[in-house]
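What follows is each chain in one-letter form.
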Amino acid sequence: MTADGWEQTLGTGPLLGIAAASIAVLLILIIRFRVHAFLALIVVSLLTAVATGIPTGEIVPTLTGSFGSTLASVALLVGLGAMLGRLVEVSGGSKVLADALINRFGEKRAPLALGVASLLFGFPIFFDAGLVVMLPVVFAVGRRLGGSVLLYGLPAAGAFSVMHIFVPPHPGPVAASEFFGANVGIVLLISVPIAVITWYVTGYLFGVWAGRRFELPIPVILGQASQEAEANPPRFPTVVAILLMPMILIFFNTGLATLASAGVISEAQTEAPWYGTLLMIGQTPVALTLTLIVAIFALGVRSGRGMSGIQEIMDNALGPVCAVILITGAGGMFGGVLRASGIGDALSVSLGDLGIPLILAGFLISGALRIAQGSATVALTTAAGLLSTAVAAAGYNEVQLATMVLAVAAGSVIASHVNDSGFWLISKFFDMDVKTTLKTWTVMETAIGVMGFGLAAGVFALAGMF
């Protein structure tokens, strides 16, 4: 990708050197000199654009374009999710769910229960939307039981991550399946056990360890319920129905799209009004908006609050997450500059001629692209597109094709750092500084990728024996 037809003249070595230097400068500014992350990201993005030779007339459009495209997906999800989460929290709904989980699974198994619930919730719903909706419950459990937010937050966040990366109907594995000609159904059958096993080791067990290693208080970014609300909470089925509603609505979109790509739904059926309507309802912003409207009446009005009181709750929800939204957008800006500079293209071309097994090449290329420019989706689709011709000519069976999808997906999740908008989402919602986020979230994401690849490669080798 280059800016407005401009072609990069720098070689791979200088481009990678500039990328490494820009990341180092960003970390020094934030960690050593305590520069606000939003300002630091803007400054480093600008300097990186100049250093990589992007034409001066294209620098500002590149910055604002990548910033805006990130906000287009993040701002609505975080804003709507924060309002929904605040309403669930202050109504006492989070405490109801926390009590039910603890009573059912026990205090010691609470992190496991949160992770399992997030695995189920994360099947159809995207990472960022699912995490924001689930956080009030995570924080409520943490406040009741005590301990670090990482003890409860990492198992939940890790669950959403593995489902989003490995399991259809999420867009990454579906797109890679199309590039490789893999059967989405077989990808689904193999990806679920790999995702669950990977999560248990890298999300749950690592989360328990990190929770003991890093003592971080439970954030109050989504507010807390009053004593009056906790004394008169909503009914358990009501709260569960509200949290399940976006999952069901989003599945209309992701599920139908997957069935269409697999040929189960014919092309003629995709032209029908009902298909387009369900796809629209299942778009994440629409699903969250509808859920928020239902929650206003089921949780807000039910508690006796007038619309003015509910409006105050909504206002209080948006204020604390403004920094989250802006910093996440600036992280997307930095990643966008790295993509526009041609760093990813140069890297993919140079890695494409390594002469190593295709499954390892897919993991390495996807991982290198992820580290270089931040976007997991860009890394996955670029790597899959680069290798698609070679994979088609390799004569792999259906299981091997499915594991190729998972290997490339595994590479796309490793080393989430400062050029990844998801890194800033976790950092700010968990109220962690950059250094701690690198030691916890970045390590966990890398472990997810490495273990997921190892399991996929093992299945690939076994499939080749039969």
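Right, let's walk through the structure included here. (Residues numbered from 1 in each chain as written. Predicted model: local features only at pLDDT ≥ 70, side-chain atom pairs only at ≥ 80, totals over all residues. Heavy atoms only, no water.)

Of the regular secondary structure elements, the chain holds 21 helices and zero strands. A globule of 466 residues ought to have a C-alpha radius of gyration of about 23 Å, and the chain, at 22 Å, matches this closely. Taking the principal axes of its C-alpha atoms as reference, the chain extends roughly 65 × 55 × 50 Å. Here the chain holds 466 residues, and the buried ones make up 54% of them. Within the chain, contacts between residues at least 6 apart in sequence are counted, and of these 83% link residues at least 24 apart. (Helix = DSSP H or I, 4+ residues; strand = E, 2+ residues; numbered from the N terminus. Rg over C-alpha atoms; globule rule 2.2 N^0.38 Å. Buried < 20%, exposed > 50% of the residue type's maximum accessible area, 1.4 Å probe, protein only. Contact = heavy atoms within 4.5 Å.)

In total, this model carries 13 aromatic pairs according to the counting rule given. Centroid distance Phe-38 to Phe-67: 6.5 Å. Interplanar angle 50 degrees. Geometry classified as tilted. With Phe-38 in helix α2 (residues 37-51) and Phe-67 in helix α3 (residues 56-90), the pair connects residues that are 29 residues apart, well separated along the chain. With a relative accessible area of 26%, Phe-38 lands in the partly exposed category. Each ring, one from Phe-127 and one from Trp-441, has its centre 5.8 Å from the other, and the planes form 35 degrees; the classification is tilted. One end of the pair, Phe-127, is in helix α6 (residues 127-145); the other, Trp-441, is in helix α21 (residues 434-464), and 314 residues separate them in sequence. By the burial criterion, Phe-127 is buried, and Trp-441 matches it. Linked through ring pairs, Trp-199, Tyr-200 and Tyr-204 together constitute an aromatic cluster. (Phe/Tyr/Trp six-rings, centres within 6.5 Å; stacked < 30°, edge-to-face > 60°.)

With that settled, consider the layout of surface pockets. Estimated volume of the largest pocket: approximately 950 Å³. Ser-73, Asp-128, His-164, Thr-377 and Ser-421 are, among the 42 residues lining the largest pocket, the residues nearest its centre. Among the elements that take part in the lining of the largest pocket, α3 stands out by supplying six residues, more than any other. Looking at the lining of the largest pocket residue by residue, the classes come out as 15 nonpolar, 22 polar and five charged. (1 Å grid on protein atoms, 1.4 Å probe; cavity = no way out; pocket = protein on both sides within 12 Å on 5 of 7 lines; lining within 4 Å. Points joined across faces, edges and corners; volume = space filled by probe spheres on them. Nonpolar A, V, L, I, M, F, W, Y, C, P; charged D, E, K, R; others polar.)

Taken as a whole and judged by the stated rule, the model has five salt bridges. Residue Glu-89 pairs with Arg-143 through a salt bridge whose shortest N-O separation is 3.1 Å. Linking Glu-89 in helix α3 with Arg-143 in helix α6, this pair joins segments that are 54 residues apart in sequence. Between Asp-99 and Arg-144 there is a salt bridge, with the nearest N and O atoms lying 2.3 Å from each other. Taken together, the residues Asp-99 in helix α4 (residues 93-105) and Arg-144 in helix α6 connect sequence positions 45 residues apart. The class of Asp-99 is buried, set by a relative accessible area of 17%. Judged by its relative accessible area of 41%, Arg-144 falls in the partly exposed class. Connected through shared salt-bridge partners, Lys-95, Asp-99 and Arg-144 make up one network. (Salt bridge = Lys/Arg side-chain N within 4 Å of Asp/Glu carboxyl O.)

On to unusual backbone geometry, then. Phi is mostly negative for residues that are not glycine, and the peptide bonds are mostly trans. Despite not being glycine, Ala-415 shows a phi value in the positive range, around 55 degrees. Tracing the chain through its elements places Ala-415 in the loop between α19 (398-411) and α20 (421-429). Look at Ala-415 and you get buried, because its relative accessible area is 17%. The backbone of Asp-431 sits at a positive phi, close to 55 degrees, despite the residue not being glycine. Position of Asp-431 relative to the elements: it lies in the loop between α20 and α21.

Here we come to a nonpolar patch on the surface. A cluster of nonpolar residues, Leu-39, Val-43 and Leu-47, forms a patch on the protein surface that exposes about 270 Å² of accessible area. Within the secondary structure, Leu-47 is located in helix α2. Here Leu-47 falls in the exposed class, since its relative accessible area comes to 52%. (Patch = residues over 30% accessible without salt bridge, like charges linked within 9 Å, V, L, I, M, F, W, Y side chains within 5 Å. Areas by Shrake-Rupley, 256 points an atom, 1.4 Å probe, with all protein chains shown as cover.)

Moving on, we get to the packing of helix α18 (residues 376-394) against α19. The geometry of α18 relative to α19 is characterised by a closest axis approach of 10 Å and an angle of 145 degrees between their N-to-C directions. Between α18 and α19 lies a crossing of right-handed hand. Along the contact surface, α18 presents Leu-380, Ala-383, Ala-384 and Val-391, while α19 presents Leu-401, Met-404, Val-408 and Ala-409. A breakdown of the residues in the contact of α18 with α19 according to their chemical character gives eight nonpolar, no polar and no charged. (Axes fitted to C-alpha atoms, helices over the stretch in contact; angles between N-to-C directions. Left-handed = near helix turned anticlockwise from the far one by under 90°.)

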